[in-house]
Amino acid sequence: MATPEGTAAYAAAFPQFASAGHFRKLRFGAPLTVSSLGLGTYLGEADDATDAGYAAALAAALAGGINLLDTAINYRDQRSERVIGRALRAAAVPRAQVVVCSKAGYVPGGELENYLRVGLIRPGELAAGMHCMAPVYLAHQLQRSLENLGLAALDVYYVHNPETQQAELSREEFYRRLRAAFELLEKQVAQGRIGAYGIATWSGLRVPPDANDYLDLNRMVALARELAGDGHHFRFVQVPYNLAMPEAYTLLNQTVEKPPFVSTLNAAFRLGLNVVASASLMNGRLQMLPEEARTHVQQFLPPAAGDAELALQFVRSTAGVTAALVGMAQAAHVAQNLRAAAVAPAPPAQLARLLQS
Ligand SMILES: NC(=O)c1ccc[n+]([C@@H]2O[C@H](COP(=O)([O-])OP(=O)(O)OC[C@H]3O[C@@H](n4cnc5c(N)ncnc54)[C@H](OP(=O)(O)O)[C@@H]3O)[C@@H](O)[C@H]2O)c1
């Protein structure tokens, strides 16, 4: 796994980012140090050409100042996990310096029939025809992910889009299933196969509390505490957050212990959760901003050479966001995005003014 000493040594090797707030400490246990940009591996075809692009981007990222890697077993039919595994073996960077994260929930392409046939997934556990978070299934997927990555342990393991289940179940049944998943994940921590766990979400944290896919962070932390006390390992939340999807900051939809409602970022901070932003470029659509939007946001953010950099500066400047995940299958995009990481983030008050404007 990544270690506090290893990740701190990684950060120390990049003094050019020291004054730009690029390396941050995770809020949990003996803290790991992670880069404010993480490399995501969701998009792209499941083919050799895309693998080659990711391999080059991963090498550039690890050599250039990015030590947070994000994937999921279903991304590109398991090829994203495998390309990360190869990149880690090829890189000069030791395992202890890199924070590796994956997710389980969505059945990887081509596997569903087989999983149902052998009873790994029982039909009642499947949501939307493609999602399962039953403990036996998660344990199997974790083992498969470790094999794909060629690792003995992952640093962060997410339940992938649990709202896919929530949308089809009563709240009671959903939290019963989530509790069983967390119980399994606490056991995996105890066995040294994961460092911590969390939820990676798409809609669940960006909707009002009465929505049928709404996810309640306070309730989840209470489940983890029930299972493992204050030293529980439910410590990560992944939420889409970008210039066009600012709900994690703007929507007051979470409570901590009791009302009033506060934002996801506020609640996560108070509940001891690290927030990792996903889709920082809105799945690549913020690389070219409309002229009017660019002119507007430029008033509030540090100077940036291009729109993608401006959009990333927004995410990594937001208080409560530890890291901005960016999908990068081109080494040139890694180099370009690292330019944003070398510039100090916008002050919180300026960010607040942008979000209120
Ligand atoms: N629910 C979830 O759990 C969830 C959902 C969404 C995303 N995520 C995670 O978050 C990561 C990031 O989200 P995402 O990949 O969906 O979208 P994204 O980061 O918003 O956008 C990625 C796209 O932007 C392009 N790009 C990157 N840097 C650029 C630059 N400087 N100029 C122009 N284009 C640039 C990439 O191109 P190239 O690939 O060609 O470099 C890719 O097409 C994912 O990879 C995944 O790890 C998780």
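Provided above is the structure to which this section pertains.
Residues numbered from 1 in each chain as written. Predicted model: local features only at pLDDT ≥ 70, side-chain atom pairs only at ≥ 80, totals over all residues.

K.L.:
Before we move on, can you summarise the overall build of the protein with the specific residues and values?
P.N.:
Of regular secondary structure, the protein possesses 14 helices and 12 strands. The C-alpha atoms of the protein give 19 Å as radius of gyration, which agrees with the globular expectation for 357 residues (21 Å, within 12%). Each principal axis of the C-alpha atoms in the protein carries an extent, and together these give about 55 × 50 × 40 Å. In the protein, which comprises 357 residues, the share counted as buried stands at 48%. When contacts within the protein are restricted to residue pairs at least 6 apart in sequence, long-range pairs at least 24 apart make up 77% of them. (Helix = DSSP H or I, 4+ residues; strand = E, 2+ residues; numbered from the N terminus. Rg over C-alpha atoms; globule rule 2.2 N^0.38 Å. Buried ≥ 20, exposed ≤ 12 C-beta atoms within 10 Å, placed from the backbone. Contact = placed C-beta atoms within 7 Å.)

K.L.:
So what's going on with unusual backbone geometry? Which residues, and what values?
P.N.:
Between Pro259 and the following residue, Pro260, the backbone shows a cis peptide bond with an omega angle of 15°. Unusually for a residue other than glycine, Met282 sits at a positive phi of about 50°. Position of Met282 relative to the elements: it lies in the loop between strand E11 (274–278) and helix H11 (291–298). For Met282, a count of 15 C-beta atoms within 10 Å translates into the label partly exposed.

K.L.:
Any details on the site of the ligand? Residues and values, ideally.
P.N.:
Residues in close proximity to the ligand total 30 residues, the closest being Gly40, Ala200, Ser278, Gly284 and Gly327. Looking at the shell around the ligand, its residues break down into 12 nonpolar, 16 polar and 2 charged. (Near = placed C-beta within 6 Å. Nonpolar A, V, L, I, M, F, W, Y, C, P; charged D, E, K, R; others polar.)

K.L.:
A description of the sheet that holds E11 should follow, citing residues and the corresponding values.
P.N.:
Pairing between the strands of a sheet comes from backbone hydrogen bonds, and it takes one of two forms, parallel or antiparallel. Pairing is parallel in the closed barrel, where 8 strands are placed in the order E3-E4-E5-E6-E7-E8-E11-E12. Averaged over neighbouring strand pairs, the angle between their axes works out to 30° when direction is ignored. Sitting on the sheet, helix H12 (residues 307–317) is in contact with strand E3 (37–40), E11 and strand E12 (321–327), with an inclination near 150° to E12. (Pairing = 2+ DSSP bridges. Axes fitted to C-alpha atoms, helices over the stretch in contact; angles between N-to-C directions.)

K.L.:
So what about the pairing of strand E9 (residues 252–256)? Which residues, and what values?
P.N.:
Of the strand pairs in this sheet, E9 and strand E10 (residues 258–263) are connected by 3 bridges, and their pairing is antiparallel. The partner of Gln254 across the bridge, within E10, is Val262. Where E9 folds back onto E10 in an antiparallel hairpin, the turn is made up of 1 residue, including Glu257, whose phi is positive at roughly 65°.

K.L.:
Help me get a handle on the pairing of strand E6 (residues 154–160), residues and values and all.
P.N.:
Most of E6 is tucked away, with 7 of its 7 residues classed as buried. Direction of pairing for strand E5 (residues 99–104) relative to E6: parallel, over a ladder of 4 bridges. Counted as the bridge partner of Cys101 is Val156 from E6. Inspection of the sheet shows E6 paired to strand E7 (residues 194–200) by 6 bridges, in the parallel sense. Each bridged residue has a counterpart across the sheet, and for Val156 the counterpart in E7 is Ala196.

K.L.:
Tell me what's going on with the packing of H12 against helix H13 (residues 331–341), and back it up with residues and numbers.
P.N.:
Where H12 meets H13, the closest approach of the two axes is 9 Å, and the angle between their N-to-C directions is 45°. What the angle tells us is that H12 and H13 run oblique. Pair H12 / H13 crosses with right-handed handedness. Contacts from Ala308, Glu309, Leu312 and Gln313 of H12 reach H13 at Gln336, Asn337, Arg339 and Ala340. Its residues placed into classes, the contact of H12 with H13 shows 3 nonpolar, 3 polar and 2 charged. (Parallel < 35°, antiparallel > 145°, perpendicular 65-115°, else oblique. Left-handed = near helix turned anticlockwise from the far one by under 90°.)

K.L.:
Just give me the short version of H13, but keep the residues and values in it.
P.N.:
Burial in H13 covers these residues: His333, Val334, Asn337, Leu338, Ala340 and Ala341. Angularly, the buried residues of H13 cover 140° about the axis, an arc narrow enough to put them on a single face. Of the surrounding secondary structure, the elements contacted by the buried residues of H13 are strand E2 (33–35), E3, helix H2 (48–64), H12 and E12. (Arc of directions from axis to C-beta.)

K.L.:
Residue-level account of the environment of Ala18, with values.
P.N.:
Mapping Ala18 onto the fold places it in the loop between helix H1 (4–12) and strand E1 (23–25). C-alpha of Ala18 to C-alpha of Pro259: the two residues are 241 residues apart in sequence and 39 Å apart in space.

K.L.:
Describe the environment of Ala2, with residues and values.
P.N.:
Among the secondary structure elements, Ala2 is positioned in the segment before H1. Each C-alpha atom of the pair Ala2 and Gln16 lies 22 Å from the other, and the pair is 14 residues apart in sequence. Non-local contacts of Ala2, meaning those with residues more than four positions away in its chain, are made with Thr7, Leu32, Ala96, Gln97, Val98, Val99 and Asp155.

K.L.:
Any chance you could break down the environment of Ala323 for me, citing the residues and the numbers?
P.N.:
Topologically, Ala323 is positioned in strand E12. Filtering out sequence-adjacent residues up to four positions away, Ala323 remains in contact with Val34, Ser35, Ser36, Leu37, Gly38, Leu68 and Val276.

K.L.:
Could you give an account of the packing of H2 against H13, with specific residues and numbers?
P.N.:
Following both chains from N to C, one finds H2 and H13 inclined at 30°, their axes separated by 7 Å at the closest point. As judged from the angle between their axes, H2 and H13 are roughly parallel. For the crossing formed where H2 meets H13, the hand is right-handed. Residues Ala56, Ala57, Ala60, Ala61 and Gly64 of H2 form the contact with H13, whose participating residues are Ala331, His333, Val334, Ala335 and Leu338. Grouping the constituent residues of the contact of H2 with H13 by class yields 8 nonpolar, 2 polar and no charged.

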